[in-house]
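Structural overview
Below are the chains, spelled out letter by letter.
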Number of protein chains: 2
Amino acid sequence: MRGRYPSPPRSDPPPSPFRLRPPPGRDLPSLRVVVMADSTLDLTLDGPALTARLVDFPSVSGEEKALADAIEEALRALPHLTVDRHGNNVVARTNLGRAERVVLAGHIDTVPIADNVPSRLDADGILWGCGTSDMKSGVAVQLRIAATVPAPNRDLTFVFYDNEEVAAHLNGLGHIAEAHPDWLAGDFAVLLEPSDGEVEGGCQGTLRVHLRTTGERAHSARGWMGSNAVHAAAPILARLAAYEPRRPVIDGLEYREGLNAVGIEGGVATNVIPDACTVVVNYRYAPDRTEDEAVAHVREVFADCGIDEMIVDDHSGAAMPGLSHSAAQAFMTAVGGAARPKFGWTDVSRFGALGVPAVNYGPGDPMYAHKRDEHVAVERITHCEDRLRSWLTG
Amino acid sequence: MRGRYPSPPRSDPPPSPFRLRPPPGRDLPSLRVVVMADSTLDLTLDGPALTARLVDFPSVSGEEKALADAIEEALRALPHLTVDRHGNNVVARTNLGRAERVVLAGHIDTVPIADNVPSRLDADGILWGCGTSDMKSGVAVQLRIAATVPAPNRDLTFVFYDNEEVAAHLNGLGHIAEAHPDWLAGDFAVLLEPSDGEVEGGCQGTLRVHLRTTGERAHSARGWMGSNAVHAAAPILARLAAYEPRRPVIDGLEYREGLNAVGIEGGVATNVIPDACTVVVNYRYAPDRTEDEAVAHVREVFADCGIDEMIVDDHSGAAMPGLSHSAAQAFMTAVGGAARPKFGWTDVSRFGALGVPAVNYGPGDPMYAHKRDEHVAVERITHCEDRLRSWLTG
């Protein structure tokens, strides 16, 4: 889950006399050496214990190699899986010739540790620590299914990828999609991102454009000698203020679009008529629109607003929930409860772009992602694993 | 003349084998010692020669003391004048008991020297150098009148002040007005700022306000959870774009008002609904409005625009041209030609605030003020001096 919550500042844990720690002044590589002393993963641990093990195996974005190595090694030990690797991304598949193939995917990186590693299990069954929610509990469920369901009713693809919490161009799922799109093929995909045990269908697209008006500078004491670019932006703001966003229903889910100025800037000096003004607009759109349609819509909304230039600054397409597909329907039945639409953009869109309907469904609670007090209820981990096993073996 | 033109970057003159200069590495105080070797002003020089002498006597803002000393010394040598001093500001007055008193005022500082000192007179009668236009030619005319008109038909007050080219709170005329307003008393004032030999009547006021709208932050994927402060600014821009500025005629001069956004700013991050937006508005208003009336007008214009806060950021009142006064009418007759309105704000407003009508009338050309190629036609200096002498002796 990327960018939804502010990251806490990176901080070092306080020195403790009770645990072996690198001496002050030693940096992270030294800590990694300590971890390397136990660099294997035991997939016979139950879901909560495996989650704790993963949390205690630091893998901040950019430093996932050791964990990717451990995951690869553990999966290669399972004879029913074929394993591929691309960078620090690991993909494992069954090849049973089933009628359907489903993908279970998750990122193995976390935001920077904030004095919340190692993990701690309290008396109420709450597991605390960096990544407990986002999303080492989800990765633990993936690994548990991989290890304990050797003959699923659908062929399975497990995807473990890096760099989800950082810039989009580093995202491991994107790198796999570009280099080996066939590794991601399937009829349906589940990302085990924190969703508090609910199913979030598809995701909305997000388009950011810069709408620019221009004018002519002049001294503000002789404003009639120039042309005011900020005044020229008046129709843009009026159009935004009056805009009625759509709320289309797709696969039974009601999406909610939005067209918002997220920034505006203009001005040269306090005695100069501004010759340029830029309104930054973010269009969040439902998955019944393609990327081209989204751009065309924004262009149409502002068609007669006197804009001199419209620049597409950033664009990530929407993803259909695909809940009408048979694999998805069986999944919904097994999971129980209703799906809800996903308004924010997530990596399910990368599957959407490959024609694979996808949902978010994971044990973590997004409210606590990226927080110092990140935690997960161990009961949620077990429940999620049970539901997926039920779907894949029923 | 302040802020009308961009100041060129300060630069040192190239080393010259033909002139005595401080050795490299010596700083300005050393240069001042060189100047002190000839620290007197000869008021028997004609206007152009005295201008050249003043240009060759550097007095960049903040470094006017030596020139103020020289002016004070030269004026104290004139028995028909009483001389006062406040800081580096010098005021000299006749006390002949005339029915009217007029003020001739000018600033003695310049913008930083830009490789354009010492002065140079070319074969076409153009005098080049820092301050030739803004406004050592005007100061030369003041000094010439002071020295050569011992029995004027109106009592005269000569004001020489510092720090006009820098921040308003340093302005010497403002300091005199605050400490010794009686020194500036009079029926009419002429500032010898560069006006290309035309009379600029009064000046417009300038009011700058910040109009602030507020909203509530939310993730832009769930914009309906928040309230967009940039959208809330739409009525402000619409009002500005539709505004029809006044063009009132005062004392026969047509002023032109203006109400302009000179800046706009809003935005938190590209995925956040902005909770604040500020439009910076500059109102330039004609001298038939007081400062209070100007604020009330702006408040009224935006009354129903949903503004949460209006902050007056900067305000300098307008000044009436006062051309209907008898001293002014005699001045206009002597000078010849028509007056024009002054749209920008100038120091005449400081006289206006003291109830003294004022105009700009000086030999310099404002087009070349603050420029590396600053210059003045010597014929203009002589003409200006002649016209003023005619007015004050006719």
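Residues numbered from 1 in each chain as written. Chains lettered and ligands numbered in written order. Predicted model: local features only at pLDDT ≥ 70, side-chain atom pairs only at ≥ 80, totals over all residues. Heavy atoms only, no water.

Let's talk about the sheet that holds strand β6 (residues 155-161) of chain A
Residue and element names in this part refer to chain A. Applied cut-off: Two strands form a pair only when DSSP identifies at least two bridges running between them. Helix and strand labels come from DSSP, where a helix needs a run of H or I of at least four residues and a strand needs a run of E of at least two; each type is numbered from the N terminus. Only the stretch in contact is used when a helix axis is fitted, and all axes are lines through C-alpha atoms; the angle between N-to-C directions ranges over 0 to 180 degrees.
If you walk across this open sheet you meet the eight strands as β1-β2-β6-β3-β7-β16-β8-β15, and the pairing is mixed. For this open sheet the edge positions go to β1 (82-86) and β15 (339-341), each flanked by a neighbour on one side alone. Taking each pair of neighbouring strands and ignoring which way they run, the sheet shows an average axis angle of 25°. Of the pairings in the sheet, the one linking strand β7 (residues 188-191) to strand β16 (residues 358-360) comprises three bridges and is parallel in character. The residue bridging Val190 from the neighbouring strand is Val359, located in β16.

Thoughts on the packing of helix α4 (residues 132-148) of chain A against helix α10 (residues 378-393) of chain A
Residue and element names in this part refer to chain A. Going by this rule: Small angles under 35 degrees read as roughly parallel and large ones over 145 as roughly antiparallel, with 65 to 115 read as roughly perpendicular and the rest as oblique. Throughout, a crossing is termed right-handed when the near helix is turned clockwise from the far one, and left-handed when it is turned anticlockwise from it by less than a right angle. Working rule for contacts: check all heavy atoms of both residues, and any pair within 4.5 Å makes them a contact. Asp, Glu, Lys and Arg are counted as charged, while Ala, Val, Leu, Ile, Met, Phe, Trp, Tyr, Cys and Pro are counted as nonpolar; the rest, among them Gly, fall into the polar class.
It is at 10 Å that the axes of α4 and α10 come closest, and there the two elements cross at 40°. Overall, the two elements α4 and α10 adopt an arrangement that is oblique. Between α4 and α10 lies a crossing whose hand is right-handed. Seen from α4, the contacting residues are Ser137, Val141, Arg144, Ile145 and Thr148; seen from α10, they are Ile381, Cys384, Glu385, Leu388, Arg389 and Leu392. Of the residues assigned to the contact of α4 with α10, the class counts are six nonpolar, two polar and three charged.

What about the domain arrangement of chain A?
Residues and elements named next belong to chain A. For clarity, the cut-off: How far each domain reaches was decided by an automatic or database domain assignment. What counts as buried area is the accessible surface, traced by a 1.4 Å probe, that two parts surrender upon association, with contributions from both included.
If you check the domain split of chain A, you get domain 1 (31-202 + 319-393) and domain 2 (205-316). For domain 1 and domain 2, the distance between their C-alpha centroids amounts to 38 Å. If you look at the interface, domain 1 gives 15 residues, while domain 2 gives twelve residues. For the domain 1 and domain 2 pair, buried surface summed over both sides reaches about 980 Å², with 66% attributable to carbon and sulfur atoms. The largest contributions to the domain 1 side of the interface with domain 2 come from Met320, Phe343 and Trp345, which together make up 47% of the buried area.

Things to note about the packing of aromatic side chains
The test is simple: In summary, the pairing rule links any two rings of Phe, Tyr or Trp, Trp by its six-membered ring, whose centres are within 6.5 Å, and it sorts them by plane angle into stacked for under 30 degrees, edge-to-face for over 60 and tilted for everything else. Think of it in three bands: residues with accessible area under 20% of the maximum for their type are buried, residues over 50% are exposed, and the middle band is partly exposed, with areas taken using a 1.4 Å probe on protein chains only. A ring is considered to have a charge above it if a Lys NZ or an Arg CZ atom is located within 6 Å of its centre and within 35 degrees of its normal.
The final tally for this structure, using the stated rule, is twelve aromatic pairs over all chains. Measuring from ring centre to ring centre gives 6.1 Å for Phe188 of chain A and Trp391 of chain A, while their planes differ by 90°; the resulting arrangement is edge-to-face. Of the two residues, Phe188 of chain A sits in strand β7 while Trp391 of chain A sits in helix α10, which places them 203 residues apart along the sequence. Where Phe331 of chain B meets Tyr361 of chain B, the ring centres are 5.5 Å apart and the plane angle is 85°; that geometry is what we call edge-to-face. Of this pair, Phe331 of chain B sits in helix α8 (residues 326-335) while Tyr361 of chain B sits in the loop between β16 (358-360) and β17 (375-377), placing them 30 residues apart in sequence. Residues Phe331 of chain B and Tyr361 of chain B agree in their burial class; the two are buried. Taking NZ or CZ as reference, Arg256 of chain A lies 4.1 Å from the ring centre of Trp224 of chain B, over its face.

Some thoughts on the side chain of Asp347 of chain B
All names here are of chain B. Our working definition: For the purposes of these results, a polar contact is taken to be a pair of N or O atoms within 3.5 Å, where, inside protein, one atom must be able to donate a hydrogen and its partner to accept one; residues adjacent in sequence count only when each atom of the pair is a side-chain atom.
Position of Asp347 relative to the elements: it lies in the loop between β15 (339-341) and α9 (348-353). At a separation of 2.7 Å, a polar atom in the side chain of Asp347 contacts the side chain of Tyr161. If sequence neighbours within four positions are ignored, Asp347 has contacts with Tyr161, Glu164, Asn171, Leu173 and Leu191.

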